[in-house]
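So the chains spell out like this:
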Amino acid sequence: MIYAFLSSRRTDVLTVTPWLAPIVWNRLYNIDILNAQFHKRGVHIGLTVFAIRKYTQFIEHFLDTAEKFFMTGHRVTYYVMTDQPAAVPNITLAEKRNLVVLEVPAYKRWQDITMRRMQIIRDYIHDRFVNEVDYLVCLDVDMEFKDQVGVEILSDVYGVIHPGFFTSSRKEFTNERRPQSAGYIPEDEGDFYYTGSHFGGTVEEIYKLTNHCHHAMLADKDINIEALWHDESYLNRYFLYYKPTKVLSPEYSWNYYYGDPAVVEKKRFVVFPKDYAKVRDNP
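Just so it is clear, the model here is predicted, and its values are computed rather than measured.

> Is there a simple way to think about the pairing of strand S2 (residues 44-51) in this case?
Where a strand is regular, its side chains alternate between the two sheet faces. Burial analysis of S2 places eight of its eight residues in the buried class, which makes it a mostly covered element. Because side chains alternate across S2, one face comprises the buried residues His44, Gly46, Thr48 and Phe50, and the other comprises Ile45, Leu47, Val49 and Ala51, equally buried. Of the strand pairs in this sheet, S2 and strand S3 (residues 75-82) are connected by eight bridges, and their pairing is parallel. Residue pairing for S3: valine 49 is matched across the bridge by valine 80. Between the parallel pair S2 and S3, the chain is carried across by helix H3 (residues 59-69), and the sense of this crossover is right-handed. As defined by bridge partners, S2 adjoins strand S5 (residues 135-140) across six bridges and the pair is classed as parallel. Bridge assignment links threonine 48 to a residue of S5, and that residue is cysteine 138.

Laid out in structure tokens, this is it:
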């Protein structure tokens, strides 16, 4: 039995980081064993998602697909952060799952919305999440679940390899390159390029991550700098110096703009097709 499981391990992809954190790909784990372990611990998973301005149009489909594929059988709380609470639909949830709507401000620019979420998540961790859930999974709302995303992703703190850069050299990563920025990463540094659309971990570790990124943004704001890819740039800087304890493959944040490579056997969490110019316009 043990030999059969190990013999199925993949050799076509990198499965462990240089600091010995696992990289999660299809066929590298037994979900039944993992489910049993997490059920024994009775974990409660929180999912944060922001639906601001025109992005409220995505929330119903996001939640519908999450109910089919996200942490099925486990205790889950969806934290929907929105400037329009009335726009959040009433959907039927499975047993042990609930929905909390939290009203947050809407900023004029989409860049400010995406950057401010680090501060908002941090503050809610301090005020309530730390008393309610064990893990936080932080996701973009303009995406959809297409396959199972379960407890195999959970760890102290994890990041997801960006689908556009999983075969790229570090010089090709779109990191912030201005040395004066708090998000700066030199061309000869960087392990992976992580997407800002999906990250997670224990509430304690996500507090550290979001607090660090928020203060980095404030430091840049004081010198009139905005990192190239906003919160994603600061997230990559954080993971360079505070290594994630698990890394997820691009299966967990895919965009078909990058094709359909054979090594990405499952596309579990996928960008929803849209016209970015229209949804990012101010109302």
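So much for the structure itself; the text now carries on.
> Looking at this structure, I do not really get the sheet that holds S3. What am I missing?
Adjacent strands of a sheet form backbone hydrogen bonds with each other and so pair up, either parallel or antiparallel. If you trace the eight strands from one edge of the open sheet to the other, you get S1-S9-S7-S8-S5-S2-S3-S4, paired in mixed fashion. Two strands close off the open sheet at either side, each with one partner strand: strand S1 (23-24) and strand S4 (97-103). Sheet analysis places strand S7 (residues 157-161) next to strand S8 (residues 194-202), joined by four bridges and oriented antiparallel. Within S8, the residue paired with tyrosine 158 across the bridge is glycine 200.

> Please clarify how the pattern of salt bridges should be interpreted in this entry.
Evaluated as defined, the whole model comprises 14 salt bridges. The residue glutamate 205 makes a salt bridge to lysine 208 at a minimum N-O spacing of 3.0 Å. Residue glutamate 205 and its partner lysine 208 are both found in helix H5 (residues 203-222); the two are separated by three residues, about one turn of the helix. Among the charged side chains, a salt-bridge network with shared partners connects Arg10, Asp12, Arg27 and Glu265.

> So what exactly am I meant to see when it comes to the nonpolar core here?
Taken as a class, soluble globular proteins show a tendency for nonpolar side chains to be buried jointly. With 39 residues, the main nonpolar core has Phe129, Leu136, Ile206 and Leu209 as its most contacted residues. Listed by contribution, the elements that provide at least two residues to this core are S3, S4, helix H4 (110-127), S5, S7, S8, H5 and helix H6 (231-241). Of the residues forming this core, the biggest block, six residues, is contributed by H5. Once residues within four sequence positions are removed from consideration, leucine 209 is found in contact with Met118, Val157, Phe199, Leu235, Tyr238 and Phe239. Core analysis: the second largest hydrophobic core is formed by 35 residues, Val24, Phe145, Val149 and Tyr252 among them.

Conventions we followed
Residues numbered from 1 in each chain as written. Predicted model: local features only at pLDDT ≥ 70, side-chain atom pairs only at ≥ 80, totals over all residues. Heavy atoms only, no water. Buried < 20%, exposed > 50% of the residue type's maximum accessible area, 1.4 Å probe, protein only. Helix = DSSP H or I, 4+ residues; strand = E, 2+ residues; numbered from the N terminus. Pairing = 2+ DSSP bridges. Right-handed = clockwise from strand over helix to strand, strands pointing away. Salt bridge = Lys/Arg side-chain N within 4 Å of Asp/Glu carboxyl O. Core = buried A, V, L, I, M, F, W, Y, C linked by side-chain atoms within 4.5 Å. Contact = heavy atoms within 4.5 Å.

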